[in-house]
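These are the residues of each chain, in order.
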Amino acid sequence: MQDILENLKVHGFTEYEAKTYVALVGLGMATAREICEISGVPQGRIYDILKLLAAKGFIGVQEGNPTFYRAEDPEVSFNSLKRDLCKSIEVSVKYLKNLHIETRPESPF
């Protein structure tokens, strides 16, 4: 379990996001309370984390009383992340390949 948490953190997840996401993937669909109990994320933070994961497209939300959360298909979610990362890397490489910094002429002293 620690390996997947560390791996998710390498890909931009915070500790709480990683724990919440892993718990929800394992549960399939759950309430915030159930996710909180399984993930170990403090109750005061769980709703913020769930909103962030939903905004990033990793989970879906079924409004109601109680509200239920479900993990989106990890393959679909991570393909989007992979596409964005590849695009970012391509832009960085293109910029760096064209980078040329003029240096000042050597001082005669």
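It should be noted that the structure appears before, not after, this text.
Since this is a predicted model, take the numbers as computed values, not measurements. Counting restarts for each chain: residues are numbered from 1 in the order of the written sequence. Totals for whole chains, interfaces and linings use all residues, but because this is a predicted model, local features are given only for residues with pLDDT of at least 70 and pairs of side-chain atoms are given and counted only at 80 or more. Each side-chain value is worked out from all heavy atoms of the structure, with water and hydrogens disregarded.

**Considerations on the sheet that holds strand S1 (residues 29–31)**
Now for step 1: Spatially, the three strands line up as an open sheet ordered S1-S3-S2, and their pairing is antiparallel. Where the open sheet ends on each side, the last strands, each with one partner, are S1 and strand S2 (59–62). Pairs of neighbouring strands in the sheet enclose a mean axial angle of 30°, with direction left out of account.
Now for step 2: Any two strands between which DSSP finds at least two bridges are classified as paired. Each helix is a run of DSSP H or I of at least 4 residues and each strand a run of E of at least 2, with the numbering of both proceeding from the N terminus. Across four bridges, S2 lies against strand S3 (residues 68–71) in antiparallel orientation. Residue pairing for S3: Gly60 is matched across the bridge by Arg70.
Now for step 3: Lying over the sheet, helix H4 (residues 43–55) contacts S2 and S3, oriented at roughly 115° with respect to S2. All axes are obtained by fitting lines to C-alpha atoms, using only the stretch in contact for helices, and the reported angles, taken between N-to-C directions, cover 0 to 180 degrees. Here a residue-residue contact requires only that any non-hydrogen atoms of the pair lie within 4.5 Å.

**Some details on the side chain of Glu17**
Now for step 1: Looking at the element boundaries, Glu17 is found in helix H2 (residues 15–27).
Now for step 2: Setting aside residues up to four positions removed in sequence, Glu17 forms contacts with Gly12, Ile49, Leu52, Leu53 and Lys56.

**Examining the pairing of S3**
The side chains of a regular strand alternate between both faces of the sheet.
Now for step 1: With three bridges connecting them, S1 and S3 associate as antiparallel partners. Each residue of the ladder has a partner; that of Met29, found in S3, is Arg70.
Now for step 2: Linking S2 to S3, which pair antiparallel, is a turn of five residues.

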